[in-house]
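Overview (structure and organization)
Here is how the chains run, residue by residue.
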Amino acid sequence: MATLGSRVRRLALALCAGPVLAGLLTGATASAAVAGPVAGATSAAKPARSMTVTDVWMRDTVSDVGIQPHLTNPLWASPDIKVCPTSVECATSTFPVAGSTSHIFVKLRNPGPYGSGTDSGTLRFYRTSPGGSLAWPLGWVPVTSSAVTVVPGVTTVQVPWTAVPGPGHFSLLAVWESPNDPLPFMTADILTNVRYNNNIAWLDLLSV
């Protein structure tokens, strides 16, 4: 009788445990199903830079090595852009004189971390109005552009800048455009654009 009672109790426990265990497993599966898409969405929300044929880039800061996104600051003081009073490159960027002609110098670096090889494209320059909006592209006025072939190494581009605006505080943007090295990620937020594109550089300016 003791043996029979023991078997009955074990059978009863097994019958009770079955639904409970199934419920636990079902809950775990449901949690996993919910967690999967959320984790994937978070990863997908971050734009990833894929390899391109070439990769011409400019530094945002002295420590920048071309990796996207570039996370150090300030993003608006690129050491690869200078504004000089003459067509001879100056040691450090100067304050341009409003209404005059200044000269913009930009250093294009090749290769970057996402491609290599000689590239041909257009270096475009944009500025904001003194005290104006930074929203891209509506807040930016085209300044000038230059067709450039960039060989491996550092290529310095010089362009004249007529009719400097101001006097006042504004920003200057250099943008490298090439079919082999396209801009992969652009928004209305210029901070995001500069941080996620190594072929955009930004210099804050004050004209006098």
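Sequence order as written defines residue numbering, which begins from 1 separately in each chain. Local features in this predicted model are restricted to residues of pLDDT 70 or higher, and side-chain atom pairs are both shown and tallied only at a pLDDT of 80 or more, whereas totals for entire chains, interfaces and linings draw on every residue. No hydrogens and no water enter the side-chain calculation; it runs on all heavy atoms of the structure.

Re the overall build of the protein chain
Counting its regular elements, the protein chain contains 2 helices and 7 strands. Taken from the N to the C terminus, the helices and strands of the protein chain come in the order α-β-β-β-β-β-β-α-β. Here's how the labels work: a residue is buried when its accessible area is under 20% of the maximum for its type, exposed when over 50%, partly exposed in between, all with a 1.4 Å probe on protein chains only. For the protein chain, the proportion of its 208 residues judged to be buried stands at 37%. Residue contacts are counted whenever heavy atoms from the two residues lie within 4.5 Å of one another. Of the contacts formed within the protein chain by residues at least 6 apart in sequence, a portion of 70% connects residues at least 24 apart. Per-residue and other accessible areas were derived by the Shrake-Rupley procedure at a 1.4 Å probe size, with only the shown protein chains allowed to occlude residues. Split by element, the accessible area of the protein chain, about 10,900 Å² in all, is 67% carbon and sulfur. Only DSSP runs of H or I covering at least 4 residues are called helices, and only runs of E covering at least 2 are called strands; the numbering of each starts at the N terminus.

Quick look at the pattern of salt bridges
One side-chain nitrogen of Lys or Arg within 4 Å of one carboxyl oxygen of Asp or Glu is enough to make a salt bridge. Overall, the coordinates contain 5 salt bridges when judged by the stated rule. Between Arg59 and Asp80 there is a salt bridge, with its nearest N and O atoms 2.9 Å apart. Note that Arg59 is positioned in the loop between helix H1 (2–44) and strand E1 (81–84) and Asp80 in the loop between H1 and E1, a separation of 21 residues in sequence. Comparing Arg59 with Asp80, the two get one shared label, buried. A salt bridge links Glu89 to Lys107; the nearest nitrogen and oxygen atoms lie 3.3 Å apart. With a gap of 18 residues between them, Glu89 in the loop between E1 and strand E2 (102–110) and Lys107 in strand E2 connect regions that are remote in the sequence. Residue class for Lys107 comes out partly exposed when judged on its relative accessible area of 21%. Counted as one network, the salt bridges with shared partners bring together Arg59, Asp80 and Arg109.

As for the nonpolar core
A general trend in soluble globular proteins is that nonpolar side chains are found buried together. With 22 residues, the main nonpolar core has Val106, Leu108 and Leu123 as its most contacted residues. Those elements giving two or more residues to this core turn out to be E1, E2, strand E3 (119–127), strand E4 (141–150), strand E5 (153–161), strand E6 (168–177) and strand E7 (200–207). The biggest single contributor to this core is E6, with 4 residues. Residue contacts for Val106: discarding those within four places in its chain leaves Met58, Asp80, Ile81, Leu123, Phe125, Thr155, Thr156, Val157 and Ala174. What makes a nonpolar core is a set of buried Ala, Val, Leu, Ile, Met, Phe, Trp, Tyr and Cys residues whose side-chain atoms join them at distances within 4.5 Å.

Looking at the state of the cysteines
Among covalent bonds in proteins, the disulfide is the one between the sulfur atoms of two cysteines. Whenever a pair of cysteine sulfur atoms sits within 2.5 Å, that pair is classed as a disulfide. This model, assessed by the stated rule, comprises 1 disulfide. Across the disulfide from Cys84 sits Cys90; the S-S distance is 2.0 Å. Disulfide Cys84 to Cys90: torsion about the S-S bond roughly -80°, handedness left-handed. Owing to a relative accessible area of 15%, Cys90 belongs among the buried residues under this scheme.

Details of the sheet that holds E3
Any two strands are treated as partners once DSSP identifies two or more bridges connecting them. Overall, antiparallel pairing links the 4 strands, which are arranged E4-E3-E6-E7 in an open sheet. The open sheet has two edge strands, E4 and E7, and neither has a second partner. This sheet shows a mean twist of 20° between the axes of neighbouring strands, independent of strand direction. Of the pairings in the sheet, the one linking E6 to E7 comprises 8 bridges and is antiparallel in character. Counted as the bridge partner of Val175 is Ile200 from E7. Convention adopted: a line fitted to C-alpha atoms gives each axis, helices being fitted over their contacting stretch, and angles between N-to-C directions are expressed from 0 to 180 degrees.

What to know about the packing of aromatic side chains
Here a pair means two rings of Phe, Tyr or Trp (six-membered ring of Trp) with centres within 6.5 Å. Their orientation is stacked below 30 degrees between planes, edge-to-face above 60, and tilted elsewhere. Under the definition given, this model contains 4 aromatic pairs. With 6.0 Å between their ring centres and 65° between their planes, Trp76 and Trp202 make a pair best called edge-to-face. Of this pair, Trp76 sits in the loop between H1 and E1 while Trp202 sits in strand E7, and the two are 126 residues apart along the sequence. Using a relative accessible area of 4% as the deciding quantity, one classes Trp202 as buried. With centroids separated by 5.1 Å and ring planes inclined at 85°, the aromatic side chains of Tyr126 and Trp136 adopt a geometry described as edge-to-face. One end of the pair, Tyr126, is in strand E3; the other, Trp136, is in the loop between E3 and E4, with 10 residues separating them in the sequence. Tyr126 gets classed as buried once you look at its relative accessible area, which sits at 14%. Residue class for Trp136 comes out buried when judged on its relative accessible area of 17%. Aromatic rings pair up to connect Tyr126, Trp136 and Trp140 into one cluster.

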